[in-house]
Amino acid sequence: MSTPVVPFLSFQPQHAPIREEVLAAVARVYDSYWYVLGEEVKQFEQEYAAFNEVAHVVGVANGLDALVLALRALGIGPGDEVIVPSNTYIATWLAVTQVGATPVPVEPDPATSNIDPALIPAALTPRTKAIMPVHLYGQACRMTEIMALAQQHNLYIVEDNAQSQGATFDGKQTGSFGHINGTSFYPGKNVGALGDAGAVTTNDEQLAHKIRVLRNYGSQQKYYNEVVGYNSRLDELQAAVLRAKLPYLPEWTRQRQQVAAWYDQHLAGIADLRLPHTAPGATHVYHLYVVQHPRRDALQQHLTAQGIGTLIHYPVPPHRQQAYADLQMPVGSFPIAEELATTCLSLPMWPGMTEEQVKAVAEGIKSFK
């Protein structure tokens, strides 16, 4: 009996049951004759604010813009430094660079792959203005410690919550701790649009107002521009799609956690395979299920040959990207991030995945020699 094909990601189990709802939302926008900054965006901002337990949500064009605008709203720019994880998607660093500030990397906790709060104090300088924790793979960072550090040193917190919508630390939602935070609704995220989309979350009314001005050409009133702004607006179609999908996010999260529990069960005890670990106080919404193996590349090739899809998040850490060659951070500068880049492997994970599919992935890994 041949091994069943298990893709890395399938939208079908999520999208098929709500197809008519999503198409009705699209038709509603089409028939409204109002396509930019209208009622759908306004309603989604309110609905996501309620979900994320924050006072204000401002829809923007994508997750990177959310982080850039958040930093701009805080007045962070040239000469300033922002603490970032050494292990993250490059967008976290790009946001800092795009406002003219300098990213200062801090290594992750090897157990969780998230930034290690214990290592942050050594990276602080008089130029440090903010810490940007990334809730990576779906797991909340150790936010209680990070918030205490920020308060002690009078620093801003900007959460990158692109991968962890609905996760919590000590019972509080990710994306609600920081002064101002960014998230992404890229299609593959836990709640995704049908294209690029993002949002800024905050409990600060003044910061929310700044973001609303910045996202719309620096303007409150058409043709009157107060500041040098951006064109970064969540559009009505994507907002309508997100409104249709958001009510399902808690159930999709429960399904992701069930898939992860099956993986934990069926992958237990495999030599050299390191499974995800969740920190005390944190919850994990499993945007990704990431394992580590010393022969990662060979394991990935073995699984590919059996029709099992995998991805590597991320094969090159930001400090080793050509884009950041000017920072002169040679190999060995951040060894934990570098080790993760050579050993981590993301296994198939999506709501609606079956235990049989999980077993097929596990059998594929067990057959690796």
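This structure is a prediction, so every number in the text was calculated from the model and none was measured. (Residues numbered from 1 in each chain as written. Predicted model: local features only at pLDDT ≥ 70, side-chain atom pairs only at ≥ 80, totals over all residues. Heavy atoms only, no water.)

Chemist: Would you take a moment to explain the domain arrangement of the chain for this structure?
Modeler: Accessible area lost when the parts come together is the quantity often used to give the size of an interface. As far as domains go, the chain holds domain 1 (13-246) and domain 2 (249-367). For domain 1 and domain 2, the distance between their C-alpha centroids amounts to 24 Å. Across the contact, 40 residues belong to domain 1 and 36 residues belong to domain 2. Considering only the side of domain 1, the residues that lose the most area to domain 2 are Glu-107, Tyr-137 and Asn-190, jointly responsible for 21% of the buried surface there. On the surface where domain 1 and domain 2 come into contact, there are zero salt bridges. Our count for the domain 1 to domain 2 interface comes out at 19 residue pairs in polar contact (both at pLDDT 80 or more). Only helix 1 (12-15), helix 5 (91-98), strand 3 (102-106) and strand 6 (168-169) provide two or more residues apiece to the side of domain 1 that touches domain 2. A per-element tally of the side of domain 1 that touches domain 2 places helix 5 first, with three residues. Classifying every residue of the side of domain 1 that touches domain 2 gives 19 nonpolar, 16 polar and five charged. (Domains from an automatic or database assignment. Contact = heavy atoms within 4.5 Å. Buried area = accessible area lost by both parts, 1.4 Å probe. Salt bridge = Lys/Arg side-chain N within 4 Å of Asp/Glu carboxyl O. Polar contact = N/O pair within 3.5 Å; in protein donor to acceptor, adjacent residues only side chain to side chain. Helix = DSSP H or I, 4+ residues; strand = E, 2+ residues; numbered from the N terminus. Nonpolar A, V, L, I, M, F, W, Y, C, P; charged D, E, K, R; others polar.)

Chemist: Quick question: what am I supposed to make of the sheet that holds strand 9 (residues 198-202) here?
Modeler: By definition, the strands of a sheet pair up through backbone hydrogen bonds, in either a parallel or an antiparallel sense. Strand order in the open sheet formed by three strands is 1-9-8, with antiparallel pairing between adjacent strands. Looking along the sheet, the strands with just one partner apiece sit at the ends: strand 1 (56-60) and strand 8 (181-184). Each adjacent strand pair in this sheet contributes to an overall mean axis angle of 25 degrees, direction not counted. Sheet topology note: the strand 1/strand 9 ladder contains five bridges and is antiparallel. Residue pairing in the sheet places Val-60 in a bridge with Gly-198 of strand 9. Contacts between helix 3 (residues 39-52) and the sheet are confined to strand 1, strand 8 and strand 9, with strand 1 contributing the most and set at about 125 degrees to the helix. Packed onto the sheet, helix 7 (residues 205-214) meets strand 1 and strand 9 and runs at close to 15 degrees relative to strand 1. (Pairing = 2+ DSSP bridges. Axes fitted to C-alpha atoms, helices over the stretch in contact; angles between N-to-C directions.)

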